Number of protein chains: 2
Amino acid sequence: MEEVERIKKQKELIEQIGREHEREGFQPVTARILGLLMVMDKEEYTFEEIVEEMQISKSSASTALKNLEIRGIVEYITYPGDRKRYFRFVSGEIDGLIDEMENKLKRNLVIINQIIELKKDPNSRNSNFLKTISKGMELFIKNLDNLKIAYKKEQ
Amino acid sequence: MEEVERIKKQKELIEQIGREHEREGFQPVTARILGLLMVMDKEEYTFEEIVEEMQISKSSASTALKNLEIRGIVEYITYPGDRKRYFRFVSGEIDGLIDEMENKLKRNLVIINQIIELKKDPNSRNSNFLKTISKGMELFIKNLDNLKIAYKKEQ
DNA sequence: AATTTGGTTCGATAATTACCGAACTAAAAA
DNA sequence: TTTTTAGTTCGGTAATTATCGAACCAAATT
């Protein structure tokens, strides 16, 4: 693939990642900055470079990056004798991703169990269905730990 | 628990489910209707009852219910000699939930593989990290099928 | 000590989205 | 055949959210 073509496709991917992450509750600019830091060959961008590249205001960049940092998705490093922050995509352990999924599942499980507890008729249609869902989710969550171990072996 | 207290808690849960589902891209009204159909003891609501209960316009109810239906989360049934639609929470197979998760994972996997393919340096920091993520996700997706089988046994 | 660099914070505005009301429709009932 | 019921569709408005610009700050440089 030609260089120009490749870079064009990378930009398209940024947009796609952007849309995907908007659906997870990120704001447009934030989602696209994340895409930038994931797909481009340059993997460390300064604040100014991000502002420049994305054509956004400093304030937007500031809040977006703060959000990404708080969520543990992006981090910055500094180099001695250089006051700039170099932002990059956090490449932590895969465990982190599983934990995230596990937490979300657990949150939902709590809600489902609450619904069940508050039902007047414990054998109503929804009660019964929610009970099987609840059991299923518990089983699932247990298996996530096994998966973590399986990953480690694989590597 | 007293009846009044119980119902109060159910209403709170509707709100909570509402917020949780807004983060999945549902609009507020839609998310709360879903909550209503999940938590209340009355598990079949007519269009009019939903309008009444949620204090919303008929048009909002109409679009919200259509959305929930299209997504396969809510369905309606009719009774002979009664023109009204009775809406209720779909209580399908648990497989559906797993499939949903699987599809989302697969979509993300495609994107990640595209990022990797478009990298100039296949051994850059992000390239390497994304490769391990990609492998991990593949393993995960494979395991989902085993989980489906495990559920069936459990029951 | 004044200026520049590398940002942050906050109020205002632009853009988007959610929701409503009015007009409409198809089927059933009167 | 008219009216009522059970909704749907669509254009406009209200509410929300995203982004911006201006003012600001702390540390480094001149």
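Refer to the structure above for everything that follows.
Residues numbered from 1 in each chain as written. Chains lettered and ligands numbered in written order. Predicted model: local features only at pLDDT ≥ 70, side-chain atom pairs only at ≥ 80, totals over all residues. Heavy atoms only, no water.

Draft legend 1. Representation of the overall build of chain A in the model. Of the regular secondary structure elements, chain A holds six helices and three strands. In sequence order, chain A lays out its α and β elements as α-α-β-α-α-β-β-α-α. In terms of C-alpha radius of gyration, chain A reaches 21 Å, well past the compact-globule figure of 15 Å for 155 residues. Relative to its full complement of 155 residues, chain A shows a buried share of 41%. In chain A, the share of contacts with a sequence separation of at least 24, taken over all contacts with a separation of at least 6, comes to 48%. Working note: accessible area of chain A is about 8,900 Å², and carbon and sulfur atoms make up 50% of it. (Helix = DSSP H or I, 4+ residues; strand = E, 2+ residues; numbered from the N terminus. Rg over C-alpha atoms; globule rule 2.2 N^0.38 Å. Buried < 20%, exposed > 50% of the residue type's maximum accessible area, 1.4 Å probe, protein only. Contact = heavy atoms within 4.5 Å. Areas by Shrake-Rupley, 256 points an atom, 1.4 Å probe, with all protein chains shown as cover.)

Draft legend 2. Summary view of the sheet that holds strand β2 (residues 74–77) of chain B. Residues and elements named next belong to chain B. In spatial order, the strands read β1-β3-β2; together these three strands make up an open sheet with antiparallel pairing. Two strands bound the open sheet, and with one partner strand each, they are β1 (45–46) and β2. Note that β1 and strand β3 (residues 86–89) share two bridges and pair antiparallel. Across the sheet, Tyr45 pairs through a bridge with Phe87, a residue of β3. In the packing of helix α4 (residues 58–70) onto the sheet, the strands contacted are β2 and β3, and the crossing angle to β2 comes to about 105 degrees. (Pairing = 2+ DSSP bridges. Axes fitted to C-alpha atoms, helices over the stretch in contact; angles between N-to-C directions.)

Draft legend 3. Local environment of the side chain of Gln10 of chain A. Positionally, Gln10 of chain A belongs in helix α1 (residues 3–22). The contacts of Gln10 of chain A, once residues within four sequence positions are left out, are Val39, Met40 and Asp41 of chain A together with Leu118 and Lys119 of chain B.

Functional significance is not addressed by these values, which are geometric in nature.
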